[in-house]
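Notes for the structure review
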Amino acid sequence: MAKIEAAFVEEFLSLADGAVAQGWHEANAGNLSYRMPPEQIDGISGSFRQGAWEPLGLAVPGIAEQFFFITAAGSYFRDMRADLEHNAGVIELDDAGTHYRVRWGFSEGRRPTSELFMHMLCQEAKMIASRDANRIIYHAHPANVNALTFVLPLTSTAFTRELWTTISECAMVFPRGIGVIDWMVPGSRELAVASAEALEIHDAVVWPHHGIFCAGDTFARAYGLLSTIEKASEVAVKVRSMTTAPLNRISKEDICKINEAYALGIPPELIAAVFQ
Ligand code: 13P
Ligand code: ZN
(Lines give C-alpha, C1' and ligand atoms only; values in the text may rest on other atoms or scores of the structure.)
(Ligands and ions follow the chains in the order given, each with its own letter.)
Protein backbone atom coordinates (compact mmCIF):
# COMPACT_ATOMS: atom_id res chain seq x y z
CA MET A 1 0.00 0.00 0.00
CA ALA A 2 1.26 3.47 -0.89
CA LYS A 3 2.54 5.44 2.07
CA ILE A 4 1.20 8.94 2.53
CA GLU A 5 3.33 11.89 3.40
CA ALA A 6 1.58 14.97 4.72
CA ALA A 7 2.09 17.45 7.53
CA PHE A 8 -1.15 16.36 9.25
CA VAL A 9 0.15 12.79 9.47
CA GLU A 10 3.11 13.99 11.54
CA GLU A 11 0.73 15.94 13.81
CA PHE A 12 -1.43 12.83 14.18
CA LEU A 13 1.63 10.72 15.06
CA SER A 14 3.11 13.21 17.48
CA LEU A 15 -0.20 13.37 19.36
CA ALA A 16 -0.16 9.55 19.51
CA ASP A 17 3.47 9.43 20.70
CA GLY A 18 2.93 12.16 23.32
CA ALA A 19 -0.23 10.57 24.65
CA VAL A 20 1.40 7.13 24.93
CA ALA A 21 4.24 8.72 26.92
CA GLN A 22 1.60 10.17 29.27
CA GLY A 23 0.20 6.68 29.91
CA TRP A 24 -3.23 7.34 28.42
CA HIS A 25 -3.24 4.47 25.92
CA GLU A 26 -2.77 1.05 27.49
CA ALA A 27 -3.32 -1.74 24.93
CA ASN A 28 -5.83 -0.50 22.34
CA ALA A 29 -7.25 2.24 24.57
CA GLY A 30 -8.43 5.39 22.84
CA ASN A 31 -9.16 6.52 19.29
CA LEU A 32 -8.72 9.63 17.18
CA SER A 33 -10.41 11.12 14.13
CA TYR A 34 -9.45 14.06 11.94
CA ARG A 35 -11.87 15.71 9.47
CA MET A 36 -9.64 16.43 6.49
CA PRO A 37 -9.82 19.75 4.65
CA PRO A 38 -10.20 19.44 0.81
CA GLU A 39 -6.65 20.53 -0.01
CA GLN A 40 -5.22 17.79 2.19
CA ILE A 41 -7.42 15.18 0.52
CA ASP A 42 -6.11 16.32 -2.89
CA GLY A 43 -2.54 16.05 -1.58
CA ILE A 44 -2.82 12.32 -0.82
CA SER A 45 -5.58 11.13 -3.20
CA GLY A 46 -2.94 9.54 -5.47
CA SER A 47 -2.57 6.84 -2.78
CA PHE A 48 -6.31 6.14 -2.48
CA ARG A 49 -8.04 2.85 -3.31
CA GLN A 50 -11.69 2.28 -4.17
CA GLY A 51 -13.22 0.50 -1.15
CA ALA A 52 -16.78 -0.87 -1.17
CA TRP A 53 -19.52 1.25 0.40
CA GLU A 54 -20.64 -0.06 3.76
CA PRO A 55 -23.54 1.08 5.95
CA LEU A 56 -22.48 3.37 8.76
CA GLY A 57 -25.41 2.28 10.93
CA LEU A 58 -26.60 5.87 11.40
CA ALA A 59 -27.09 9.04 9.40
CA VAL A 60 -24.75 12.03 9.61
CA PRO A 61 -25.91 14.24 6.71
CA GLY A 62 -24.12 17.27 8.18
CA ILE A 63 -20.75 15.70 7.32
CA ALA A 64 -21.79 13.91 4.09
CA GLU A 65 -18.98 13.53 1.50
CA GLN A 66 -16.30 14.41 4.05
CA PHE A 67 -13.07 12.42 4.53
CA PHE A 68 -11.70 11.34 7.91
CA PHE A 69 -8.31 10.08 8.99
CA ILE A 70 -9.24 7.73 11.83
CA THR A 71 -7.70 5.02 14.02
CA ALA A 72 -8.51 1.33 13.55
CA ALA A 73 -10.51 -0.83 15.97
CA GLY A 74 -8.07 -2.67 18.22
CA SER A 75 -5.10 -0.51 17.22
CA TYR A 76 -2.42 0.39 19.76
CA PHE A 77 -1.45 4.07 19.81
CA ARG A 78 2.13 2.99 20.54
CA ASP A 79 2.27 1.22 17.16
CA MET A 80 0.88 4.07 15.03
CA ARG A 81 4.26 5.38 13.88
CA ALA A 82 5.71 1.95 13.06
CA ASP A 83 2.75 0.78 10.96
CA LEU A 84 0.27 3.56 10.27
CA GLU A 85 -1.56 1.85 7.38
CA HIS A 86 -2.40 -1.09 9.67
CA ASN A 87 -3.46 1.02 12.65
CA ALA A 88 -5.37 3.84 10.94
CA GLY A 89 -6.92 4.80 7.62
CA VAL A 90 -8.95 7.24 5.58
CA ILE A 91 -12.72 6.84 5.22
CA GLU A 92 -15.06 8.78 2.93
CA LEU A 93 -18.78 9.32 3.63
CA ASP A 94 -21.37 9.12 0.83
CA ASP A 95 -23.66 11.98 -0.20
CA ALA A 96 -26.36 10.98 2.31
CA GLY A 97 -23.98 10.49 5.23
CA THR A 98 -25.27 6.94 5.73
CA HIS A 99 -22.43 4.86 4.17
CA TYR A 100 -18.65 4.95 4.25
CA ARG A 101 -15.87 3.45 2.21
CA VAL A 102 -12.20 2.94 3.02
CA ARG A 103 -9.87 4.96 0.76
CA TRP A 104 -6.53 4.21 2.44
CA GLY A 105 -5.08 2.18 5.32
CA PHE A 106 -6.85 -0.43 7.51
CA SER A 107 -4.54 -3.06 6.01
CA GLU A 108 -5.13 -6.78 6.61
CA GLY A 109 -8.88 -6.33 6.96
CA ARG A 110 -8.85 -3.85 9.79
CA ARG A 111 -11.88 -1.63 10.39
CA PRO A 112 -12.42 1.85 11.83
CA THR A 113 -12.58 2.19 15.63
CA SER A 114 -15.41 0.53 17.58
CA GLU A 115 -16.31 4.09 18.66
CA LEU A 116 -17.11 5.04 15.03
CA PHE A 117 -20.69 6.07 15.97
CA MET A 118 -19.28 8.48 18.55
CA HIS A 119 -16.68 9.93 16.18
CA MET A 120 -19.18 10.50 13.37
CA LEU A 121 -21.95 12.00 15.54
CA CYS A 122 -19.45 14.16 17.46
CA GLN A 123 -17.66 15.32 14.29
CA GLU A 124 -21.05 16.34 12.86
CA ALA A 125 -22.26 18.08 16.05
CA LYS A 126 -19.01 19.93 16.60
CA MET A 127 -18.56 20.97 12.95
CA ILE A 128 -21.98 22.61 13.08
CA ALA A 129 -21.51 24.12 16.55
CA SER A 130 -18.07 25.52 15.64
CA ARG A 131 -19.09 26.74 12.15
CA ASP A 132 -16.65 24.36 10.44
CA ALA A 133 -13.64 25.12 12.68
CA ASN A 134 -13.52 21.87 14.65
CA ARG A 135 -11.62 18.97 13.03
CA ILE A 136 -10.44 16.66 15.83
CA ILE A 137 -12.28 14.24 18.09
CA TYR A 138 -9.89 12.47 20.47
CA HIS A 139 -10.68 9.81 23.08
CA ALA A 140 -8.22 8.57 25.74
CA HIS A 141 -8.14 6.71 29.08
CA PRO A 142 -6.27 9.00 31.53
CA ALA A 143 -6.19 7.55 35.07
CA ASN A 144 -6.87 10.61 37.23
CA VAL A 145 -10.02 11.78 35.41
CA ASN A 146 -11.25 8.21 35.73
CA ALA A 147 -10.42 8.14 39.47
CA LEU A 148 -12.48 11.28 40.05
CA THR A 149 -15.54 9.58 38.55
CA PHE A 150 -15.62 7.38 41.70
CA VAL A 151 -15.80 10.23 44.18
CA LEU A 152 -17.49 13.20 42.48
CA PRO A 153 -21.18 13.43 41.59
CA LEU A 154 -21.46 12.58 37.90
CA THR A 155 -22.50 16.07 36.86
CA SER A 156 -20.96 18.71 34.68
CA THR A 157 -21.13 21.29 37.49
CA ALA A 158 -19.33 19.05 40.03
CA PHE A 159 -16.45 18.25 37.64
CA THR A 160 -16.19 21.83 36.40
CA ARG A 161 -16.04 23.16 39.96
CA GLU A 162 -13.42 20.60 41.01
CA LEU A 163 -11.11 21.41 38.10
CA TRP A 164 -11.66 25.18 37.84
CA THR A 165 -10.88 25.54 41.55
CA THR A 166 -7.75 23.36 41.40
CA ILE A 167 -5.58 25.03 38.71
CA SER A 168 -5.99 28.67 37.55
CA GLU A 169 -5.49 27.74 33.91
CA CYS A 170 -8.58 25.49 33.77
CA ALA A 171 -11.18 28.27 33.50
CA MET A 172 -9.14 29.77 30.66
CA VAL A 173 -8.72 26.50 28.75
CA PHE A 174 -12.32 25.29 29.16
CA PRO A 175 -14.48 28.33 30.00
CA ARG A 176 -17.64 26.43 29.00
CA GLY A 177 -16.89 23.82 31.66
CA ILE A 178 -16.58 20.10 31.16
CA GLY A 179 -19.39 17.68 30.27
CA VAL A 180 -20.18 14.45 32.12
CA ILE A 181 -22.58 11.77 30.94
CA ASP A 182 -23.83 8.54 32.53
CA TRP A 183 -21.92 5.28 32.26
CA MET A 184 -22.84 3.56 29.00
CA VAL A 185 -21.60 0.57 27.02
CA PRO A 186 -18.43 1.45 25.06
CA GLY A 187 -19.02 1.72 21.32
CA SER A 188 -22.81 1.91 21.74
CA ARG A 189 -25.11 4.19 19.78
CA GLU A 190 -26.52 5.42 23.08
CA LEU A 191 -23.05 6.55 24.21
CA ALA A 192 -22.48 8.26 20.85
CA VAL A 193 -25.78 10.18 20.98
CA ALA A 194 -25.24 11.37 24.57
CA SER A 195 -21.64 12.36 23.77
CA ALA A 196 -22.61 14.41 20.72
CA GLU A 197 -25.32 16.17 22.70
CA ALA A 198 -22.86 17.12 25.47
CA LEU A 199 -20.33 18.26 22.88
CA GLU A 200 -22.70 20.92 21.56
CA ILE A 201 -22.03 22.76 24.81
CA HIS A 202 -18.58 21.55 25.94
CA ASP A 203 -15.24 20.76 24.29
CA ALA A 204 -14.51 17.85 26.62
CA VAL A 205 -16.81 15.16 27.99
CA VAL A 206 -16.08 12.60 30.74
CA TRP A 207 -17.19 8.99 30.35
CA PRO A 208 -17.44 7.67 33.94
CA HIS A 209 -15.19 4.70 34.80
CA HIS A 210 -13.87 4.71 31.23
CA GLY A 211 -12.17 7.86 29.95
CA ILE A 212 -12.69 11.21 28.34
CA PHE A 213 -12.92 12.69 24.87
CA CYS A 214 -12.04 16.14 23.61
CA ALA A 215 -12.74 18.21 20.51
CA GLY A 216 -10.36 20.68 18.92
CA ASP A 217 -9.71 22.80 15.84
CA THR A 218 -6.17 21.36 15.78
CA PHE A 219 -4.40 18.28 17.12
CA ALA A 220 -2.47 20.53 19.52
CA ARG A 221 -5.65 22.08 20.95
CA ALA A 222 -7.38 18.75 21.56
CA TYR A 223 -4.23 17.31 23.15
CA GLY A 224 -3.65 20.46 25.20
CA LEU A 225 -7.21 20.39 26.50
CA LEU A 226 -6.94 16.77 27.55
CA SER A 227 -3.53 17.42 29.19
CA THR A 228 -4.92 20.36 31.18
CA ILE A 229 -7.91 18.36 32.41
CA GLU A 230 -5.77 15.38 33.36
CA LYS A 231 -3.16 17.55 35.16
CA ALA A 232 -5.87 19.26 37.24
CA SER A 233 -7.47 15.87 37.92
CA GLU A 234 -4.11 14.53 39.12
CA VAL A 235 -3.72 17.45 41.54
CA ALA A 236 -7.31 16.97 42.72
CA VAL A 237 -6.70 13.26 43.34
CA LYS A 238 -3.53 14.07 45.32
CA VAL A 239 -5.26 16.72 47.41
CA ARG A 240 -8.23 14.45 48.10
CA SER A 241 -5.81 11.67 49.08
CA MET A 242 -4.14 13.97 51.63
CA THR A 243 -7.18 15.62 53.19
CA THR A 244 -10.93 15.96 53.02
CA ALA A 245 -10.64 19.61 54.07
CA PRO A 246 -8.02 21.52 52.02
CA LEU A 247 -6.90 24.74 53.68
CA ASN A 248 -6.94 26.76 50.47
CA ARG A 249 -8.36 26.64 46.98
CA ILE A 250 -9.47 28.89 44.12
CA SER A 251 -12.77 30.55 45.03
CA LYS A 252 -15.84 31.65 43.09
CA GLU A 253 -14.59 35.24 43.41
CA ASP A 254 -11.21 34.21 41.95
CA ILE A 255 -12.96 32.64 38.95
CA CYS A 256 -14.92 35.90 38.46
CA LYS A 257 -11.60 37.80 38.49
CA ILE A 258 -10.01 35.47 35.91
CA ASN A 259 -13.15 35.75 33.80
CA GLU A 260 -12.85 39.52 33.79
CA ALA A 261 -9.06 39.76 33.45
CA TYR A 262 -8.96 37.45 30.42
CA ALA A 263 -12.36 38.36 28.95
CA LEU A 264 -13.32 34.67 28.97
CA GLY A 265 -17.01 35.37 28.54
CA ILE A 266 -18.11 32.81 31.12
CA PRO A 267 -21.80 33.66 31.64
CA PRO A 268 -22.71 34.61 35.24
CA GLU A 269 -25.39 31.87 35.18
CA LEU A 270 -22.70 29.23 34.53
CA ILE A 271 -20.56 30.53 37.40
CA ALA A 272 -23.63 30.54 39.64
CA ALA A 273 -24.54 26.96 38.64
CA VAL A 274 -20.97 25.69 39.13
CA PHE A 275 -20.71 27.21 42.61
CA GLN A 276 -24.27 26.67 43.81
P1 13P B 1 -10.98 0.84 19.64
O2 13P B 1 -9.70 0.03 19.70
O3 13P B 1 -12.05 0.11 18.89
O4 13P B 1 -10.74 2.22 19.11
O5 13P B 1 -11.53 0.95 21.13
C6 13P B 1 -10.76 1.54 22.13
C7 13P B 1 -11.57 2.27 23.13
O8 13P B 1 -11.01 3.06 23.88
C9 13P B 1 -13.04 2.05 23.21
O10 13P B 1 -13.65 3.00 24.02
ZN1 ZN C 1 -12.25 3.96 25.46
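The present account deals with the structure reproduced in this document. Everything numeric here is computed off the predicted structure, so don't read it as measured data.

Structural notes on the overall build of the chain
- When you go through the chain residue by residue, the secondary structure sums to 11 helices and nine strands.
- Seen through its principal axes, the chain has C-alpha atoms that stretch 60 × 35 × 35 Å.
- Taking all contacts inside the chain whose residues are at least 6 apart in sequence as the whole, residues at least 24 apart take part in 73%.
- By element, 53% of the accessible surface of the chain is carried by carbon and sulfur atoms, the whole surface being about 12300 Å².

Structural notes on helix α8 (residues 189-199)
- Within the sequence span of α8, burial applies to L191, A192, A194, S195, A196, A198 and L199.
- On its buried face, α8 is in contact with α4 (116-129), β6 (136-140), β8 (204-207) and β9 (211-216).

Quick look at the side chain of E115
- For E115, the position within the fold is in the loop between β5 (99-105) and α4.
- Among buried Asp, Glu, Lys and Arg side chains, E115 stands out as unpaired, with R189 the closest opposite charge at 12 Å.
- At 3.0 Å, the side chain of E115 forms a polar contact with the backbone nitrogen of G187.
- When residues no more than four places from it in sequence are discounted, the contact partners of E115 are N31, P186, G187, L191, W207 and H210.

Digging into the site of ligand 1
- The immediate surroundings of ligand 1 are formed by N28, A29, G30, N31, A73, G74, T113, S114, E115, H139, H141 and H210.
- Between N28 and ligand 1, the recorded distance is 2.8 Å, taken from a side-chain N or O atom to an oxygen atom.
- Between E115 and ligand 1, the recorded distance is 2.5 Å, taken from a side-chain N or O atom to an oxygen atom.
- For the shell around ligand 1, the class distribution of residues is two nonpolar, nine polar and one charged.

Thoughts on the coordination of the zinc ion (ligand 2)
- On the protein side, the zinc ion (ligand 2) has H139 (NE2), H141 (NE2) and H210 (NE2) as donor atoms, found 2.0 to 2.1 Å from it.
- On the primary sequence, the residues serving as donors to the zinc ion (ligand 2) are separated as H-x1-H-x68-H.

A look at the pairing of β5
- Of all the seven residues making up β5, six are buried; the element is thus mostly covered by neighbouring parts of the structure.
- Pairing analysis gives two bridges linking strand β2 (residues 54-55) to β5, with the strands arranged antiparallel. Directly across from E54, in β5, lies its bridge partner Y100.
- In sequence, strand β4 (residues 88-93) turns back onto β5 through a hairpin of five residues, with G97 there showing a positive phi of about 70°.

Some words on unusual backbone geometry
- Its identity is not glycine, yet A27 carries a phi of approximately 45°, on the positive side.
- Mapped onto the fold, A27 is located in the loop between α1 (7-22) and β1 (31-35).
- A positive phi angle is found at A263, which is not glycine, with a value near 45°.
- Looking at the element boundaries, A263 is found in the loop between α10 (252-261) and α11 (268-274).
- Exposure remark for A263: the relative accessible area of 66% places this residue in the exposed category.

Observations regarding the environment of V185
- Tracing the backbone through its elements, the reader meets V185 in the loop between β7 (179-180) and α8.
- Put simply, V185 and K3 are 182 residues apart on the chain and 35 Å apart in space, counted from C-alpha to C-alpha.

Some words on the pattern of salt bridges
- If you walk through the whole model with that rule in mind, you get 12 salt bridges.
- Here E92 ties to R101 by a salt bridge, and the two come within 2.9 Å at their closest N and O atoms. There is no split in this pair, since E92 and R101 are both buried.
- In this structure, K238 engages E234 in a salt bridge whose closest nitrogen and oxygen atoms are separated by 3.0 Å. Of the two residues, K238 and E234 both sit in helix α9 (residues 219-242), four residues apart, roughly one turn of that helix.

As for the environment of A143
- Residue placement: A143 occurs in helix α5 (residues 143-148).
- For A143, a relative accessible area of 55% translates into the label exposed.
- Residues A143 and H209 lie 66 residues apart in sequence; the distance between their C-alpha atoms is 9.4 Å.

Cut-offs applied
The numbers attached to residues start from 1 for each chain and follow its sequence in the written order. By the order in which they are written, chains take letters starting at A while ligands take numbers starting at 1. In keeping with the model being predicted, local features are shown solely for residues with a pLDDT of at least 70 and side-chain atom pairs are shown and tallied solely at 80 or more, while totals for entire chains, interfaces and linings include all residues. Think of the side-chain values as coming from all heavy atoms in the structure, minus any hydrogens and water. Put simply, DSSP marks the helices as runs of H or I at least four residues long and the strands as runs of E at least two long, and each gets a number from the N terminus on. Only heavy atoms matter for contacts: two residues are in contact if any of them lie within 4.5 Å across the pair. Surface exposure here means Shrake-Rupley accessible area, sampled with a 1.4 Å probe, where a residue is shielded only by the protein chains that are shown. Burial here depends on accessible area, computed with a 1.4 Å probe over protein chains only, as a share of the maximum for the residue type. Under 20% is buried, over 50% is exposed, and the range in between is partly exposed. Counting rule for charge: Lys and Arg are taken as positive, Asp and Glu as negative, and neither His nor the chain ends is counted. Any carboxyl oxygen of Asp or Glu that lies within 4 Å of a side-chain nitrogen of Lys or Arg is treated as forming a salt bridge with it. Two N or O atoms count as a polar contact when they lie within 3.5 Å, although within protein this holds only if one can serve as hydrogen donor and the other as acceptor, and sequence-adjacent residues are included solely when both atoms are side-chain atoms. Throughout, near means a residue has at least one heavy atom within 4 Å of the molecule or strand. In this count, Pro and Cys sit with the nonpolar residues alongside Ala, Val, Leu, Ile, Met, Phe, Trp and Tyr, while Asp, Glu, Lys and Arg are called charged and the others, Gly among them, polar. With water omitted from the atoms examined, metal sites may look incomplete; donors here are N, O and S atoms no farther than 2.8 Å from the metal, or 3.2 Å in the case of Na, K and Ca. Any two strands are treated as partners once DSSP identifies two or more bridges connecting them.

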